[in-house]
Amino acid sequence: MAAKIVYRDLLKAVSKHVGKDACFTDFIKQEFRSTTPAPETSLKLARDYIFYLNSVHHHKELLFSYNIAVDRSDEMKKVLGKSAASVGLQLPEVYQP
């Protein structure tokens, strides 16, 4: 039962953070099918890899959100638009000549 949960979580994390590349998912499927009773060390390694992928993704998002050198005007427009929409208003369209 635990192997099934780890297998599903690992496939989700790889497809979300690495991409839907067939070579990664095929390797994961092959590894989980080759060892019928998955040893605890393999399951722990898979859980650690899931945690690693999620942490790297979260760290990249944090670095992007705190980077002042990046032009964040589009991101601020989205935030302001959501704030205005939450109270039933719309942002005015800016005239671009």
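See the structure printed just above.
Report on the accompanying structure. All residue numbers refer to positions counted from 1 along the written sequence of the respective chain. Only residues with pLDDT of 70 or above have their local features reported here, since the model is predicted, and side-chain atom pairs are shown and tallied only from 80 upward, although totals for entire chains, interfaces and linings are computed over all residues. As a rule here, side-chain values come from all non-hydrogen atoms in the structure, and water together with hydrogens is ignored.

It is worth spelling out the overall build of the chain at this point. The secondary structure listing takes helices from DSSP runs of H or I that are at least 4 residues long and strands from runs of E that are at least 2 residues long, numbered from the N terminus. The helix and strand tally for the chain stands at 4 helices and 0 strands. N-terminal to C-terminal, the α/β element order of the chain is α-α-α-α. Relative accessibility decides the category of a residue: with a 1.4 Å probe and only protein chains considered, values under 20% of the type maximum give buried, values over 50% give exposed, and everything between is partly exposed. Here the chain, with 97 residues, has 13% of them falling under the buried criterion. Within the chain, residue pairs in contact and separated by at least 24 positions form 57% of the contacts whose partners lie at least 6 positions apart. Contacts are residue-level and defined by heavy atoms, with any inter-residue pair within 4.5 Å sufficient.

The next point concerns the packing of helix α1 (residues 2-18) against helix α3 (residues 40-66). One can describe the packing of α1 onto α3 by two numbers: an axis separation of 9 Å at closest approach and a directional angle of 30 degrees. One way to sum up the angle between α1 and α3 is to call them roughly parallel. α1 and α3 meet at a crossing whose hand is left-handed. Facing Ala-2, Ala-3, Val-6, Asp-9, Leu-10, Ala-13, Val-14, His-17 and Val-18 of α1, the residues of α3 in contact are Leu-43, Ala-46, Arg-47, Tyr-49, Ile-50, Leu-53, Asn-54 and His-57. Gly counts as polar in this scheme, as do all residues outside two lists: the nonpolar Ala, Val, Leu, Ile, Met, Phe, Trp, Tyr, Cys and Pro, and the charged Asp, Glu, Lys and Arg. A class-by-class count of the residues in the contact of α1 with α3 yields 12 nonpolar, 3 polar and 2 charged. Geometry is summarised by axes, namely lines fitted to C-alpha atoms with helices restricted to the contacting stretch, and by angles between N-to-C directions that run from 0 to 180 degrees. Here roughly perpendicular refers to angles of 65 to 115 degrees, roughly parallel to angles under 35, roughly antiparallel to angles over 145, and oblique to all remaining angles. Two helices crossing with the near one rotated counterclockwise from the far one by less than a right angle form a left-handed crossing, whereas a clockwise rotation gives a right-handed crossing.

So, about the pattern of salt bridges. A side-chain nitrogen of Lys or Arg and a carboxyl oxygen of Asp or Glu constitute a salt bridge if their distance falls within 4 Å. Overall, the coordinates contain 1 salt bridge when judged by the stated rule. Here Lys-44 makes a salt bridge to Asp-48, at a shortest N to O gap of 3.2 Å. Of this pair, Lys-44 and Asp-48 both sit in helix α3, 4 residues apart, which is roughly one turn of that helix. Under the relative-accessibility criterion, Lys-44 is labelled partly exposed at 49%.

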